[in-house]
Each structure stands twice: as structure tokens, then as C-alpha cells.
Amino acid sequence: MTRLQTALDAIDEANAKDPRLDEGQPEALLYGTRMSEEANRLFPNASESLQIAARGQHIERWVLKRADYPEGRAGYLKWRRDLAVHHADRVSAIMGDAGFSEDEISETGAMLRKEGIKRNDQVQALEDIICFVFLKWYFAPFAAKHPEEKVLDIVVKTARKMSADARARVLAEFNLPADLAAAFEAPNA
């Protein structure tokens, strides 16, 4: 077995313990599979670090509960930062056990902590994958539960995080209503 497969299997093993279910599967395990599918589709020549970061994006996400943080934006942002550090630490340990170099581990950790988004191609690639997974599998259920103005706000924020190439690809791959498509057409999204 390759070191890449060893790392991916270890991430899956951890995520298989997620007590939350989605489509009858542990939620984090299903999310990791979807992330890998999109990574392979969007970046067929992705580095091993990017492949691992995609699979480990939500490793053990259930461990840090949103309810354990204060309400409001500040509490939400603290929870998200703590999750990113947890994901990076867990994936780094797995990569070390699988025989990856310190440079590869550091690169993957930076991706998972989103250090250098819009400046680092690998971090941006991971963000583009995350956004595609959201749009493909999680957007419709989200939109069904929220008012139109909140949905539009989330679409604008999602488009803003994406690279220009990814935004163009969204427009080509998704049949979006005009108001949502406009968010992806903006030159400086």
C-alpha cells in the first residue's frame, strides 16, 4: 500500500466514527469521499498533499461542537478556527505515521488552516474544491431552510472565496438563476 493510500485510509477510519449520519453513512466519511471525488475531477493531477487535505478537510468535525462556543459571529469564527487547527493537527499526525516529509505535512496543514487563500495555489485549490462540494451536495438543502436574502448572501460569500477559473466553471456546470449567477460573474468576487 502506498503512503497516500495509508493516509487516506487512516482519515476514513477516523471519520467512520462520526456519530452523525448523512444518507445512512457517517457524515464526515461521506463528506471526505465527496471531497476526494471533486478533487479528482477538478484537479486530476493534484499533489498528494492536496488529495490528503481534501479528504481530511472535516476529519473528526464532530469532536468540536458548535454548541460549545458562544452564539454569534465571534463564537462561530472561533469554532471554525479551532476546527481548522484540529483538522490540520490530526491530518499531520496521520501523514507523519504514513511517512510523509515535514515539508509535505506543513503544506497540507497550511491548506487545512486556509493560510494564504488567494495567494497560495494549493490553498486556493482546496477552497475551490470545498465550494464545489457545497454547491453540488449541500446548497439545495441549505437554500430550502433559509430566506432568499440569506441564500444570496451565502452564494456571494462562496463566489468570493473561489478562483476566477472555478467561478467560470460553476457558471458552465450549474444552471443558476440570474441573481445567483451574477455572484459568480463578478470580476472581483
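Below is a summary of the structure that appears in this document. Just so it is clear, the structure is predicted and the values come from calculations on it, not from any experiment. (Residues numbered from 1 in each chain as written. Predicted model: local features only at pLDDT ≥ 70, side-chain atom pairs only at ≥ 80, totals over all residues. Heavy atoms only, no water.)

1. Brief notes about the overall build of the chain
Next up, step 1: Scanning the chain from terminus to terminus reveals 9 helices and 2 strands.
Next up, step 2: Its helices and strands taken in sequence order, the chain reads α-β-β-α-α-α-α-α-α-α-α from the N to the C terminus.
Next up, step 3: A compact globule built from 189 residues would reach a C-alpha radius of gyration of about 16 Å, and the chain, at 17 Å, matches this within 12%.
Next up, step 4: Based on the C-alpha atoms only, the size of the chain along its principal axes is roughly 50 × 35 × 30 Å.
Next up, step 5: Taking all contacts inside the chain whose residues are at least 6 apart in sequence as the whole, residues at least 24 apart take part in 64%.
Next up, step 6: For the chain, the computed accessible surface area is about 10000 Å², with 53% contributed by carbon and sulfur atoms. (Helix = DSSP H or I, 4+ residues; strand = E, 2+ residues; numbered from the N terminus. Rg over C-alpha atoms; globule rule 2.2 N^0.38 Å. Contact = heavy atoms within 4.5 Å. Areas by Shrake-Rupley, 256 points an atom, 1.4 Å probe, with all protein chains shown as cover.)

2. Topic: the nonpolar core
Next up, step 1: Core analysis: the biggest nonpolar cluster contains 45 residues, and M35, I52, L126 and F184 have the highest contact counts within it.
Next up, step 2: Of all the elements, helix α6 (residues 121-145) adds the most residues to this core, at 12 residues.
Next up, step 3: Excluding anything up to four places from it in sequence, L126 contacts M35, L50, A53, A54, Q57, M111 and L112. (Core = buried A, V, L, I, M, F, W, Y, C linked by side-chain atoms within 4.5 Å. Buried < 20%, exposed > 50% of the residue type's maximum accessible area, 1.4 Å probe, protein only.)

3. Details of the pattern of salt bridges
Next up, step 1: Evaluated as defined, the whole model comprises 16 salt bridges.
Next up, step 2: Between R3 and E104 there is a salt bridge whose closest N-O contact spans 2.7 Å. Of this pair, R3 sits in helix α1 (residues 3-15) while E104 sits in helix α5 (residues 102-112); the two residues are 101 residues apart in sequence, bridging distant segments of the chain.
Next up, step 3: We classify R3 as partly exposed; its relative accessible area is 29%.
Next up, step 4: Among the ionic contacts, a cluster of salt bridges with common partners joins E38, R41, K136, R169 and E173. (Salt bridge = Lys/Arg side-chain N within 4 Å of Asp/Glu carboxyl O.)

4. With respect to the packing of α6 against helix α8 (residues 164-173)
Next up, step 1: Running from N to C, α6 and α8 point in directions that differ by 20 degrees, and their axes come no closer than 11 Å. In terms of their interaxial angle, α6 and α8 are classed as roughly parallel. As for the relative orientation of α6 and α8, their crossing is right-handed in sense. Contact residues: D128, F132 and L135 in α6; A166, R169, V170 and E173 in α8.
Next up, step 2: Broken down by class, the residue content of the contact of α6 with α8 amounts to 4 nonpolar, no polar and 3 charged. (Axes fitted to C-alpha atoms, helices over the stretch in contact; angles between N-to-C directions. Parallel < 35°, antiparallel > 145°, perpendicular 65-115°, else oblique. Left-handed = near helix turned anticlockwise from the far one by under 90°. Nonpolar A, V, L, I, M, F, W, Y, C, P; charged D, E, K, R; others polar.)

5. Things to note about helix α2 (residues 27-42)
Next up, step 1: Helix length check: α2, at 16 residues, gives a terminal C-alpha distance of 22 Å against a target of 22 Å (1.5 Å per residue), a fit within 8%.
Next up, step 2: Buried within α2 we find A28, L29, L30, Y31, G32, R34, M35, S36, E38, A39 and L42.
Next up, step 3: Buried residues in α2 make contact with α1, β1 (21-22), β2 (25-26), α3 (48-56), α6 and α8. (Expected span 1.5 Å × (residues − 1).)

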